[in-house]
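# Examining the three-dimensional arrangement
As a plain string of letters, each chain reads:
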Amino acid sequence: MASSLTKDSATPGIPGSEKTFFGHPRGLATLFMTEMWERFSYYGMRALLPLYLVAPGGLHLSAATATAIYSVYLSLVYLLALPGGWFADRVLGPRRTVAVAGAVIMLGHLTLALPYAGTFYAGLGLVAIGSGLLKANISTMVGHLYDGPDDPRRDGGFTVFYIGINVGAFVAPLTIGTVGESVNWHLGFALAAVGMALGLAQFLLGSRHLSPQSDVVPTPMSPAEKVSTLRKSALWAAVAVVFYAVVGVSGHYTLNWVMVPITVAGLVIPVVVLGRIRRDRTLDSAERSKMSAYIWFFVAAAVFWMIYDQGGSTLSIFADSSAKNSVLGWGFPVSWYQSVNPVLIMALAPVFAALWLALARRGKEPSTATKFAFGLILVGLSFFLFLAPLAIAGGGHKAAALWLVAIYFVQTVGELMLSPVGLSVTTKMAPAKYASQMMGVWFLAVTAGDATTGLLSIAGVDLNKTGVVALEAVLAVAAGAAVWMYRRRVKALMGDVN
């Protein structure tokens with residue numbers, strides 16, 4: 001990246017500002033490359049995961065079980081973002097937490113590369129823990145590079161950072177996916193570990209360019225709190241070990257003994273967290289009103305992610321068994337479908353940004369509730385579109401690859417209507433007391449959506465059945481219509497936030 005670093009006048013308080021990265025603090029290059037390689041490892045492994053779970057040369061599980069494991073894994077990644085933020089705030093600070101996270105993720109991928117079923121699940125757990133630690137903190141460090149929220153470069157910096165995410169997500173299935181599917185599954189997982197190793201090395205070598213604020217532990221624990229937390233953690237860990245040892249020795253253990261508690265937690269914890277914030281008596285009436293409005297967006301987002309994240313499980317498993325996976329006679333690995341979304345994001349995100357800006361200048365930009373409504377309706381329409389290839393496959397034929405590309409296209413447009421808007425409205429509506437926690441609360445919407453998918457799969461629901469797909473599509477469109485119908489009420493609850 002050296003060619004993109006240019007001389008600039010020094011800016012007090014910003015480390016490494018004598019050189020810039022596309023006009024931004026030099027530390028952004030470090031975080032850009034770290035996140036790009038971490039996303040490379042994450043999305044590469046994620047593209048392989050459901051295919052490995054159902055493959056005869058993999059774990060050879062049923063489609064329902066594979067979808068359940070995939071959904072529980074995603075749910076856990078986003079659920080752990082909340083304690084990941086707490087760990088940085090109270091124990092290590094963002095910079096050291098991200099370094100630890102990178103090492104844990106790399107170890108997780110190396111564990112996945114071992115050809116044993118037992119170590120495979122341990123590897124998934126390690127990657128989920130590391131991803132939760134990293135996800136909650138690396139974006140925070142991007143913010144630290146700038147001179148407060150009013151720095152005019154701040155939004156552009158996050159845009160450059162977001163490009164890094166999508167570059168990694170685009171390249172990963174094309175490389176890791178190809179190696180995993182065409183050469184060896186475990187070699188593919190090992191390649192994901194190499195990607196994370198490169199990201200960790202980049203972070204450690206370039207961390208001198210980060211803000212000193214990234215080393216600060218905002219609210220460090222007292223010695224008494226550390227002792228109490230360690231004691232409680234050890235107690236709960238001991239309870240879990242004893243419980244699962246008894247279940248295993250008695251011969252009753254199945255994978256559901258692990259998956260069901262995680263999926264239930266993925267549904268219960270978001271409800272408890274939102275309820276606790278909403279009932280906080282120290283919030284003023286305006287803040288409580290905004291939280292009431294936020295619940296609408298949270299539920300809508302949970303429904304959206306429940307369907308959207310099946311692009312990596314339900315759709316991928318369908319493509320593996322029932323699609324042609326070729327264009328003009330040129331065949332490609334199933335995992336390559338996972339590169340469609342990031343390349344569309346990179347192509348369409350500037351278009352949407354320009355569109356919202358142009359409409360805002362004319363005073364016609366849609367409200368947040370309206371954008372959410374259309375995002376939900378679009379993700380519902382994507383599953384109505386999914387009914388066509390399902391019908392083709394039901395007739396004994398292979399569905400064309402372009403059907404799946406069209407589904408991913410509609411979902412990506414829906415994502416651009418909802419996801420960036422959700423991130424923005426979360427920061428705007430967060431009560432001052434919970435400003436640093438609300439981003440973790442937003443991630444819990446993903447947790448709730450994926451946990452719902454996981455519970456359905458654990459219950460034996462085949463998500464590739466026409467009736468189930470149609471029901472999910474109707475649910476999303478109905479939810480979008482409800483947000484649209486009540487948009488004025490939601491806008492009134494939002495107060496001064498658009």
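Residues numbered from 1 in each chain as written. Predicted model: local features only at pLDDT ≥ 70, side-chain atom pairs only at ≥ 80, totals over all residues. Heavy atoms only, no water.

## Here we look at the overall build of the chain
A tally of regular secondary structure across the chain gives 17 helices and five strands. A compact globule built from 498 residues would reach a C-alpha radius of gyration of about 23 Å, and the chain, at 22 Å, matches this within 12%. Dimensions of the chain, computed from the C-alpha atoms along their principal axes, are close to 65 × 55 × 55 Å. Sorting the 498 residues of the chain into buried and exposed places 50% on the buried side. Considering only residue pairs separated by 6 or more positions, the chain has 79% of its internal contacts joining residues 24 or more positions apart. (Helix = DSSP H or I, 4+ residues; strand = E, 2+ residues; numbered from the N terminus. Rg over C-alpha atoms; globule rule 2.2 N^0.38 Å. Buried < 20%, exposed > 50% of the residue type's maximum accessible area, 1.4 Å probe, protein only. Contact = heavy atoms within 4.5 Å.)

## Regarding the nonpolar core
Grouped together as the largest cluster of nonpolar side chains are 96 residues, with contacts concentrated most on Tyr-73, Tyr-294, Tyr-337, Phe-372 and Leu-404. A total of 13 residues in this core trace back to one element, the largest contributor, which is helix H10 (residues 285–308). Not counting chain neighbours up to four residues away, the residues in contact with Tyr-337 comprise Ala-319, Ala-323, Asn-325, Phe-332, Ala-401, Leu-404 and Tyr-408. Counting 24 residues, the second-largest nonpolar core is a separate cluster that includes Phe-32, Ile-165, Met-196 and Phe-203. (Core = buried A, V, L, I, M, F, W, Y, C linked by side-chain atoms within 4.5 Å.)

## A few points about the environment of Asp-284
Position of Asp-284 among the secondary structure elements: in the loop between helix H9 (256–278) and H10. Placed 147 residues apart in sequence, Asp-284 and Pro-431 show a C-alpha to C-alpha distance of 9.0 Å. A polar contact of 3.1 Å, which involves the side chain of Asp-284, links it to the backbone nitrogen of Ala-286. (Polar contact = N/O pair within 3.5 Å; in protein donor to acceptor, adjacent residues only side chain to side chain.)

## Brief notes about helix H16 (residues 466–485)
Think of an α-helix as turning once every 3.6 residues; residues three or four places apart then point the same way. If you check H16, its first and last C-alpha atoms are 28 Å apart, about what 20 residues at 1.5 Å a residue would give, namely 28 Å. Residues of H16 that are buried: Val-469, Glu-472, Ala-473, Ala-476, Ala-479, Gly-480 and Val-483. Axial view of H16: buried residues confined to an arc of 130°, hence all on one face. Opposite the buried face of H16, at more than 90 degrees from it, the exposed residues are Gly-467, Leu-471 and Met-485. (Expected span 1.5 Å × (residues − 1). Arc of directions from axis to C-beta.)

## Some remarks on the packing of aromatic side chains
For the structure shown, the criterion picks out 26 aromatic pairs. Ring centres of Tyr-78 and Phe-443 lie 5.8 Å apart, and the angle between their planes is 55°; this geometry places the pair in the tilted category. In this pair, Tyr-78 sits in helix H2 (residues 63–79) while Phe-443 sits in helix H15 (residues 438–458), placing the two residues 365 residues apart along the sequence. Each member of the pair, Tyr-78 as well as Phe-443, is classed as buried. Both rings, one in Phe-297 and one in Phe-372, keep their centres 4.8 Å apart while their planes meet at 55°; by these two values the pair is tilted. (Phe/Tyr/Trp six-rings, centres within 6.5 Å; stacked < 30°, edge-to-face > 60°.)

## Remarks on the environment of Trp-257
Mapped onto the elements of the fold, Trp-257 is located in helix H9. Distance in space between the C-alpha atoms of Trp-257 and Tyr-244 is 8.3 Å, their sequence separation being 13 residues. Residues in contact with Trp-257, not counting those within four places in the same chain, are Phe-243, Tyr-244, Val-247 and His-252.

## Some thoughts on the pattern of salt bridges
Any two side chains of opposite charge can pair, on the condition that their charged atoms come close. In this structure the tally under the stated criterion is five salt bridges. The residue Arg-90 makes a salt bridge to Glu-225 at a minimum N-O spacing of 2.9 Å. Within this pair, whereas Arg-90 is found in helix H3 (residues 81–92), its partner Glu-225 is found in helix H8 (residues 223–249), the two being separated by 135 residues in sequence. With its nearest N and O atoms 3.0 Å apart, the salt bridge here joins Arg-95 to Asp-215. A residue pair is termed long-range when its members are at least 10 positions apart, and Arg-95 in helix H4 (residues 94–112) and Asp-215 in the loop between helix H7 (185–206) and H8 qualify at 120 residues. Arg-95 sits in the partly exposed class, given a relative accessible area of 22%. (Salt bridge = Lys/Arg side-chain N within 4 Å of Asp/Glu carboxyl O.)

## Some remarks on unusual backbone geometry
A positive phi angle, near 55°, is found at Asn-325, a position not held by glycine. As for its position among the elements, Asn-325 is in the loop between helix H11 (314–322) and strand S4 (326–327). Asn-325 sits in the buried class, given a relative accessible area of 10%. Residues other than glycine seldom take positive phi values, yet Leu-328 does so here, at roughly 55°. Within the element layout of this structure, Leu-328 appears in the loop between S4 and strand S5 (330–331).

## Considering H15
With 21 residues, H15 ought to run about 30 Å at 1.5 Å a step, and its terminal C-alpha atoms sit 30 Å apart, in line with that. Most of H15 is tucked away, with 16 of its 21 residues classed as buried. Directly after H15, the chain includes Gly-460, whose backbone phi takes a positive value near 90°.

## Topic: the packing of H10 against H15
The description of two packed helices rests on the angle between their axes and on the distance between the axes. With their axes 7 Å apart at the nearest point, H10 and H15 run at an angle of 40° to one another. Comparing the axis directions of H10 and H15 gives the class oblique. With respect to the hand of their crossing, H10 and H15 are arranged in right-handed fashion. Here H10 contributes Met-291, Tyr-294, Phe-298, Ala-301, Ala-302, Trp-305 and Met-306 to the contact with H15, which in turn contributes Met-438, Val-441, Trp-442, Leu-444, Ala-445, Val-446, Ala-448, Gly-449, Asp-450, Thr-452 and Thr-453. (Axes fitted to C-alpha atoms, helices over the stretch in contact; angles between N-to-C directions. Parallel < 35°, antiparallel > 145°, perpendicular 65-115°, else oblique. Left-handed = near helix turned anticlockwise from the far one by under 90°.)

## Comments concerning the packing of H2 against helix H5 (residues 117–144)
Running from N to C, H2 and H5 point in directions that differ by 30°, and their axes come no closer than 7 Å. What the angle tells us is that H2 and H5 run roughly parallel. Taken as a pair, H2 and H5 cross one another with a handedness that is right-handed. Taken together, the residues of H5 that come into contact with H2 (itself represented by Ile-69, Tyr-73, Leu-76, Val-77 and Tyr-78) are Tyr-121, Leu-124, Val-127, Ala-128, Ser-131, Gly-132 and Lys-135.

## Description of the side chain of Asn-166
Here Asn-166 lies in helix H6 (residues 154–182). For Asn-166, a relative accessible area of 7% corresponds to the buried category.

## Concerning a nonpolar patch on the surface
On the surface, Phe-243, Tyr-253, Trp-257 and Val-258 cluster together to form a nonpolar patch covering roughly 350 Å² of accessible area. Mapped onto the fold, Val-258 is located in helix H9. The exposure class assigned to Val-258 is partly exposed, which follows from its relative accessible area of 31%. (Patch = residues over 30% accessible without salt bridge, like charges linked within 9 Å, V, L, I, M, F, W, Y side chains within 5 Å. Areas by Shrake-Rupley, 256 points an atom, 1.4 Å probe, with all protein chains shown as cover.)

## Quick notes on the environment of Leu-210
Tracing the sequence through the fold places Leu-210 in the loop between H7 and H8. For Leu-210, a relative accessible area of 4% corresponds to the buried category.

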